[in-house]
Amino acid sequence: GGSAGVSLSGSLFAVAWGDMAESLSTSVPLDLNALEQALLGMDCEDGRFGRLLCSRLGYQRVSAGRWEGSEESGLEREVSCVVKCPPKPMLPDQTRVVIRQRLQRQGGERLLLEREVGTLDIPYGESFRVQERWVALASAAGGGGDGTQRQFLQISHFPPHWVERLADSRCWLVYNDNVTLVSCGPDFEPGDYDERGFLTVPTPAG
């Protein structure tokens, strides 16, 4: 199956829609062309959106490969960077991050962005990847107006873990006894981050 008729042909990862949890659905006041241009700069410093994202996520030493492929069949590239780790037991001061991306325009009404993120230097970091699908659908009002963007999250090959929604937030907490991950959402402002560039989140119960 699929989500709103979105094709998964050529997908970065073989995960069915039903095996992913929808973590965000929101309206975006951009037409698909403008949104596509913004997503082409995701996870790098090529544009305003990319620079803002890199700043908020604390990316350092960002190196983005060239987009390869076509808009119709899917554009793919790989981005590498270094990020600081939160002050937790067993975590290093920083970790290398590798991000695989695929962006595809599906007709005039859909965009599909896939991201696969590996944090290589944290415990088990070589063993799992966080996989996401972002789907943008043109508004039913037509004219290329406001769209709806939906995000789906899949934790691939992660050791036994828990997933918890942060209270009054569109972010998810993914954790086990050794490591805690937080998916960043639009609810947070730069001032919410500490001096190391990390969010303060409640310690999971139990």
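Peer 1: Would you mind showing me how to read the overall build of the protein here?
Peer 2: The secondary structure content of the protein amounts to 2 helices and 11 strands. Moving toward the C terminus, one meets the helices and strands of the protein in the order β-α-α-β-β-β-β-β-β-β-β-β-β. Among the 206 residues that make up the protein, the fraction classed as buried is 43%. Intrachain contacts of the protein at a sequence separation of at least 6 include 50% that bridge at least 24 residues. Taken as a whole, the protein presents about 10700 Å² of accessible surface, with 49% of it coming from carbon and sulfur.

Peer 1: Explain the pattern of salt bridges here, please?
Peer 2: Two side chains of opposite charge can pair, provided their charged atoms sit close to one another. Under the defined criterion, the tally for this structure stands at 9 salt bridges. Of the charged contacts in the structure, one is a salt bridge between Arg 102 and Glu 76, with a shortest N-O distance of 3.8 Å. Taken as a pair, Arg 102 in strand E5 (residues 94–106) and Glu 76 in strand E4 (residues 74–84) lie far apart in primary sequence, 26 residues in all. Of the residues examined, Arg 102 reaches a relative accessible area of 1% and is grouped as buried. Note that Glu 114 and Arg 133 form a salt bridge whose closest N and O atoms lie 2.8 Å from each other.

Peer 1: Please explain helix H1 (residues 32–39) as it appears in this structure.
Peer 2: Residues three or four positions apart in an α-helix share a direction because the helix packs 3.6 residues into each turn. All of the buried residues in H1 are Leu 32, Leu 35, Glu 36 and Leu 39. Along the axis of H1, the buried residues cluster in a sector spanning 100°; they form a single face. Capping the start of H1, Asp 31 holds a side-chain oxygen 3.1 Å from the backbone nitrogen of Asn 33, two or three residues further along.

Peer 1: Just checking my understanding: could you explain the environment of Gln 94 for this structure?
Peer 2: By the element assignment, Gln 94 lies in strand E5. Taking relative accessible area as the criterion, Gln 94 reaches 35% and is therefore assigned partly exposed. Once the C-alpha coordinates of Gln 94 and Val 83 are considered, the two residues, 11 residues apart in sequence, prove to be 5.5 Å apart. Those residues within four positions of Gln 94 in sequence are excluded, and the remaining contacts are Arg 61, Val 82, Val 83, Lys 84, Cys 85 and Asp 121.

Peer 1: Sorry if this is basic, but what is going on with the nonpolar core here?
Peer 2: Burial of nonpolar side chains together is a common tendency in soluble globular proteins. Leu 24, Val 28, Leu 32, Leu 35, Leu 39, Met 42, Leu 53, Leu 103, Leu 111, Leu 113, Trp 134 and Ala 136 together form the largest nonpolar core, which totals 12 residues. When contributions to this core are tallied by element, the ones reaching two or more residues are strand E1 (21–28), H1, strand E6 (110–119) and strand E7 (129–138). When residues in this core are grouped by element, the largest group, 3 residues, is from H1.

Peer 1: What am I meant to see in the pairing of E7 here?
Peer 2: Taken across its 10 residues, E7 has 8 buried, putting it largely inside the fold. The pairing of E6 with E7 spans 8 bridges and is classified as antiparallel. Each bridged residue has a counterpart across the sheet, and for Arg 110 the counterpart in E7 is Leu 137.

Peer 1: Explain the side chain of Glu 36 here, please?
Peer 2: Mapped onto the elements, Glu 36 comes out in helix H1. Residue Glu 36 is classed as buried on the basis of its relative accessible area, which comes to 5%. Every residue in contact with Glu 36, bar those within four places of it in the chain, is listed here: Glu 71, Leu 103, Arg 105 and Leu 111.

Peer 1: What exactly am I supposed to notice about the confidence of the model for the protein here?
Peer 2: Detailed reading of predicted coordinates is not advised where the pLDDT is low. Across the protein, the average pLDDT comes to 75, with 65% of residues at or above 70. When pLDDT is averaged over each element of the protein, E4 comes out on top at 95 and strand E8 (residues 147–156) at the bottom at 54. Every residue in residues 141–145 scores below 50 in pLDDT, and together they form 5 contacts with partners more than four places removed in sequence or on other chains. Counted against residues more than four places away or in other chains, residues 184–204, with its pLDDT under 50, gives 42 contacts.

Peer 1: I'm lost on helix H2 (residues 48–57) in this one. Help?
Peer 2: Looking only at H2, the buried set comprises Gly 50, Leu 53 and Cys 54. Projected down its long axis, H2 carries its buried residues within an arc of 95°, all on one side. Opposite the buried face of H2, at more than 90 degrees from it, the exposed residues are Arg 48 and Ser 55. Considering only its buried residues, H2 is in contact with strand E2 (60–64). Of the residues flanking the end of H2, it is Gly 58, one or two places downstream, whose phi is positive at about 75°.

Parameters and conventions
Residues numbered from 1 in each chain as written. Predicted model: local features only at pLDDT ≥ 70, side-chain atom pairs only at ≥ 80, totals over all residues. Heavy atoms only, no water. Helix = DSSP H or I, 4+ residues; strand = E, 2+ residues; numbered from the N terminus. Buried < 20%, exposed > 50% of the residue type's maximum accessible area, 1.4 Å probe, protein only. Contact = heavy atoms within 4.5 Å. Areas by Shrake-Rupley, 256 points an atom, 1.4 Å probe, with all protein chains shown as cover. Salt bridge = Lys/Arg side-chain N within 4 Å of Asp/Glu carboxyl O. Arc of directions from axis to C-beta. Polar contact = N/O pair within 3.5 Å; in protein donor to acceptor, adjacent residues only side chain to side chain. Core = buried A, V, L, I, M, F, W, Y, C linked by side-chain atoms within 4.5 Å. Pairing = 2+ DSSP bridges. pLDDT = per-residue confidence, 0-100.

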